[in-house]
Amino acid sequence: MQRSPLIVPVKSTPRAATMAECPFCRLLGSRRHAARIAEFEHSVAFLHLDQTHPGRSVLILKRHFDHYHELPEPLFTAFNRDLRRLAAALLRELRPQRLNYAVLGNVVPHVHWHLIPRYLDDPNPGAPPWPAGEPRRLTADQYAALARRLGLAVAGRDDAPPSASGPAFQSSPGAPGVRGPWLRRLIPNRLDPLL
């Protein structure tokens, strides 16, 4: 049987070394991060750096596990409960047409969920959310304001700014020619996957 040139064996890394080098473990130690949405019992929610899909978030498990199937059953259930609370807040507050969920772990081998709101003016309507052109960055104040707004929605508080006008930041398809090879855009973000 001939081996595919695209499949490359991955060398196993000792767990302690993985945790020490894990960017999500370091991020979880940052209590005052501008993009921090909410802390749950077993996870922490952050805004993703790329806000091409306004409200795109990452829910990171507090304990380091490389693979989703490794979670003990009670932790698996609790983490999914956190996911459901964050998803309900995103849907209620931002009112996207759809909410996509992704568990990948290719860039950061630490269990986490991506929650990606999808809107009518989405760059890839009816298709996966990536590639969607160049990542859309916000200012530090915009990240902080959106994270606070979503944090209040997670907490179920009524003092969140009204959302009758829809999402805080409208996405737009972008200029022609912006969509280059997706791998070129991925590689610079490998060491800084979230913010």
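Everything below is about the structure printed above this text.
Residues numbered from 1 in each chain as written. Predicted model: local features only at pLDDT ≥ 70, side-chain atom pairs only at ≥ 80, totals over all residues. Heavy atoms only, no water.

**Student:** Just checking my understanding: could you explain the pairing of strand β2 (residues 43-47) for this structure?
**Tutor:** A regular strand carries its side chains on alternate faces of the sheet. Within β2, 5 of the 5 residues are buried, which leaves it mostly tucked inside the rest of the structure. With burial as the criterion, each face of β2 is covered, one bearing S43, A45 and L47 and the other bearing V44 and F46. Of the strand pairs in this sheet, strand β1 (residues 36-39) and β2 are connected by 3 bridges, and their pairing is antiparallel. Bridged to A38 within β2 is A45. Inspection of the sheet shows β2 paired to strand β3 (residues 57-61) by 5 bridges, in the antiparallel sense. Of the residues in β3, the one forming a bridge with F46 is V58. (Buried < 20%, exposed > 50% of the residue type's maximum accessible area, 1.4 Å probe, protein only. Helix = DSSP H or I, 4+ residues; strand = E, 2+ residues; numbered from the N terminus. Pairing = 2+ DSSP bridges.)

**Student:** Sorry if this is basic, but what is going on with helix α3 (residues 73-94) here?
**Tutor:** For α3, spanning 22 residues, the distance from its first C-alpha to its last is 31 Å, which sits close to the expected 32 Å at 1.5 Å a residue. Where α3 is buried, its residues contact β1, β2, β3, β4 (98-102), β5 (112-118) and α4 (140-155). Downstream of α3 by a residue or two, R95 has a phi angle that is positive, lying close to 55°. (Expected span 1.5 Å × (residues − 1). Contact = heavy atoms within 4.5 Å.)

**Student:** Looking at this structure, I do not really get the sheet that holds β4. What am I missing?
**Tutor:** Pairing between the strands of a sheet is mediated by backbone hydrogen bonds and can be parallel or antiparallel. As summarised here, the arrangement of the 5 strands in space is β1-β2-β3-β5-β4, forming an open sheet in which the pairing is antiparallel. Of all the strands in the sheet, the pair left with one neighbour each is β1 and β4. Strand after strand, the sheet turns through a mean of 20° between neighbouring axes, direction not considered. This element, α4, spans β1 and β2 of the sheet and lies at about 25° to β1. (Axes fitted to C-alpha atoms, helices over the stretch in contact; angles between N-to-C directions.)

**Student:** For this particular structure, what's the right way to read the packing of aromatic side chains?
**Tutor:** The description of an aromatic ring pair uses the distance of the two centres, along with the angle that the planes make with each other. According to the stated counting rule, one finds 4 aromatic pairs in the structure shown. Through a chain of ring-to-ring contacts, the aromatic side chains of Y68, F76, F79, Y101 and W113 assemble into a single cluster. (Phe/Tyr/Trp six-rings, centres within 6.5 Å; stacked < 30°, edge-to-face > 60°.)

**Student:** How do you make sense of the pattern of salt bridges when you look at a structure like this?
**Tutor:** A side chain with one charge can pair with a side chain of the opposite charge if their charged atoms come near. Tallying each qualifying case throughout the model produces 4 salt bridges. With a closest N to O distance of 2.7 Å, K62 and E39 form a salt bridge. Pair noted here: K62 is in the loop between β3 and α3 and E39 is in strand β1, with a separation of 23 residues, a long-range link. Relative accessible area serves as the criterion here: at 37%, E39 is assigned to the partly exposed category. (Salt bridge = Lys/Arg side-chain N within 4 Å of Asp/Glu carboxyl O.)

**Student:** Where do I start with α4 in this structure?
**Tutor:** Count 3.6 residues to each turn of an α-helix, and residues three or four apart come out pointing the same way. In this model, α4 (16 residues) spans 22 Å end to end at C-alpha, consistent with the 22 Å of a helix rising 1.5 Å per residue. By the burial criterion, the buried members of α4 are Y143, L146, A147, R149, L150, G151, L152, A153 and V154. For α4, the elements touching its buried residues are β1, β2 and α3.

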